[in-house]
Amino acid sequence: MKEITVIYEDNHLLVVVKPPNLLSQADRTGDPDLLSLLKDYVREQYNKPGNVYLGLVHRLDRPVGGVMVVARTSKAASRLSAQIRQGSFHRSYLAVVHGYLESLGGTLSGYLLKDREQNLVRQVKPGTRGAQRAQLHYQVVGMQGGRSLLRIKLETGRSHQIRVQMAQLGHPLVGDRRYGPPSRERQIALWAEELSFRHPTTDALLEFREPPPRVRPWAAFQDVLAFN
């Protein structure tokens with residue numbers, strides 16, 4: 001499991017860094033996915049033949065990399081999922097967007113509707129059938145070359161939420177060909193930087209942070225990003 005870094009593990013949890021362009025879980029493409037690779041890791045690391053239980057309590061879009069937690073027991077999965085519903089499971093992202101924002105910080109709220117056939121999400125009017133409320137907070141932490149570096153904290157974790165809401169604001173993510181303009185960038189500029197939650201059995205507060213890789217477009221903001 002060379003491509004996945006494990007930054008914390010115990011009998012209840014695995015906290016890992018998902019590489020960009022890796023599926024969080026298996027889909028119809030049959031491409032490699034994080035959950036399957038981690039099951040192989042647990043089998044080998046802990047000498048557990050046969051089926052291995054791992055619960056995926058949150059996801060990152062395929063092109064997005066960064067910190068994720070995976071539950072090793074059904075009890076841990078249930079308790080982490082409850083924290084997500086209750087709003088005590090916190091996630092912070094870094095994003096590079098096109099242009100300079102009028103405000104250096106703010107909150108974006110709206111309702112998102114997913115088209116599962118096309119795997120597209122759009123912002124719709126409140127009351128639209130099937131739509132889910134979405135809210136995030138952003139802060140501009142750097143500006144360089146016609147682009148802005150944002151730190152984004154999610155109140156809700158909807159599919160494609162950051163990508164759609166930033167595009168709706170008029171500042172799509174760099175490299176996001178689905179919701180933004182054509183781009184020479186091969187990689188979407190979105191990274192799951194921080195994760196904090198209560199341990200499902202000890203109730204201790206756990207906090208994890210992992211900077212993005214020192215590659216473009218992140219490297220342009222090395223004055224404000226603490227790379228390893």
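In the block above lies the structure referred to throughout.
Conventions and cut-offs
Residues numbered from 1 in each chain as written. Predicted model: local features only at pLDDT ≥ 70, side-chain atom pairs only at ≥ 80, totals over all residues. Heavy atoms only, no water. Helix = DSSP H or I, 4+ residues; strand = E, 2+ residues; numbered from the N terminus. Rg over C-alpha atoms; globule rule 2.2 N^0.38 Å. Buried < 20%, exposed > 50% of the residue type's maximum accessible area, 1.4 Å probe, protein only. Contact = heavy atoms within 4.5 Å. Pairing = 2+ DSSP bridges. Patch = residues over 30% accessible without salt bridge, like charges linked within 9 Å, V, L, I, M, F, W, Y side chains within 5 Å. Areas by Shrake-Rupley, 256 points an atom, 1.4 Å probe, with all protein chains shown as cover. Salt bridge = Lys/Arg side-chain N within 4 Å of Asp/Glu carboxyl O. Lys, Arg positive; Asp, Glu negative; His and termini not counted. Charge placed at Lys NZ, Arg CZ, Asp CG, Glu CD. Core = buried A, V, L, I, M, F, W, Y, C linked by side-chain atoms within 4.5 Å.

Trainee: How should the overall build of the protein chain be read in this particular structure?
Mentor: A count of helical and extended segments in the protein chain gives three helices and 11 strands. Counting helices and strands in the order they occur from the N terminus, the protein chain gives β-β-α-β-β-α-β-β-β-β-β-α-β-β. On C-alpha atoms alone, the protein chain measures out to a radius of gyration of 18 Å, which is about the 17 Å that the 2.2 N^0.38 rule sets for 228 residues. Taking the principal axes of its C-alpha atoms as reference, the protein chain extends roughly 55 × 45 × 35 Å. Buried residues in the protein chain amount to 46% of all 228 residues. When contacts within the protein chain are restricted to residue pairs at least 6 apart in sequence, those whose partners lie at least 24 apart make up 60%.

Trainee: Whenever I open this one, the environment of Pro32 confuses me. Can you help?
Mentor: In this fold, Pro32 is placed in the loop between strand E2 (13-18) and helix H1 (34-45). Taking the C-alpha atoms as reference, Pro32 lies 9.8 Å from Asn21; in sequence the two are 11 residues apart. In this structure Pro32 touches Leu22 and Leu23, once residues within four positions along its chain are discounted.

Trainee: In this structure, what is going on with the pairing of strand E6 (residues 105-115)? I would like to understand it.
Mentor: The two faces of a sheet get side chains in turn, since along a regular strand they alternate between them. Note: E6 against strand E8 (residues 132-144), eight bridges, orientation antiparallel. Within E8, the residue paired with Gly105 across the bridge is Gln139. With five bridges connecting them, E6 and strand E7 (residues 120-124) associate as antiparallel partners. If you follow Asp115 over to E7, its bridge partner there is Leu120.

Trainee: Can you walk me through a positive patch on the surface in this structure?
Mentor: Together, Arg59, Lys114, Arg116 and Arg178 give the surface a local cluster of positive charge. If you trace the backbone, Lys114 turns up in strand E6. For Lys114, a relative accessible area of 31% puts it in the partly exposed group.

Trainee: Sorry if this is basic, but what is going on with the nonpolar core here?
Mentor: A general feature of soluble globular proteins is that nonpolar side chains tend to end up buried together. Membership of the largest hydrophobic core comes to 33 residues, with the highest contact counts inside it found for Leu38, Leu54, Tyr93, Ile152, Ile162, Met166 and Leu173. Counting residues per element, the ones that place at least two in this core are E2, H1, strand E4 (65-71), strand E5 (90-98), E8, strand E9 (147-154), helix H3 (161-169) and strand E10 (190-198). A per-element tally of this core places H1 first, with five residues. In this structure Leu54 touches Leu14, Leu35, Leu38, Lys39, Val42, Val70, Ala71 and Arg72, once residues within four positions along its chain are discounted. Ranked by size, the runner-up nonpolar core spans 14 residues in total, among them Val15, Val57, Leu195 and Phe197.

Trainee: What is the right way to look at unusual backbone geometry in this model?
Mentor: A negative phi angle characterises most non-glycine residues, just as the trans form characterises most peptide bonds. Here the bond from Arg216 into Pro217 is cis, since omega is 5°, no more than 30 degrees from zero. Secondary-structure assignment places Pro217 in the segment after strand E11 (205-209). For Asn21, which is not glycine, the phi torsion reads 70° and is therefore positive. Summarising the element assignment, Asn21 is placed in the loop between E2 and H1. The exposure class assigned to Asn21 is partly exposed, which follows from its relative accessible area of 45%. Of note in the backbone geometry, Asp203 takes a positive phi value of approximately 70° without being a glycine. With respect to the element layout, Asp203 can be found in the loop between E10 and E11.

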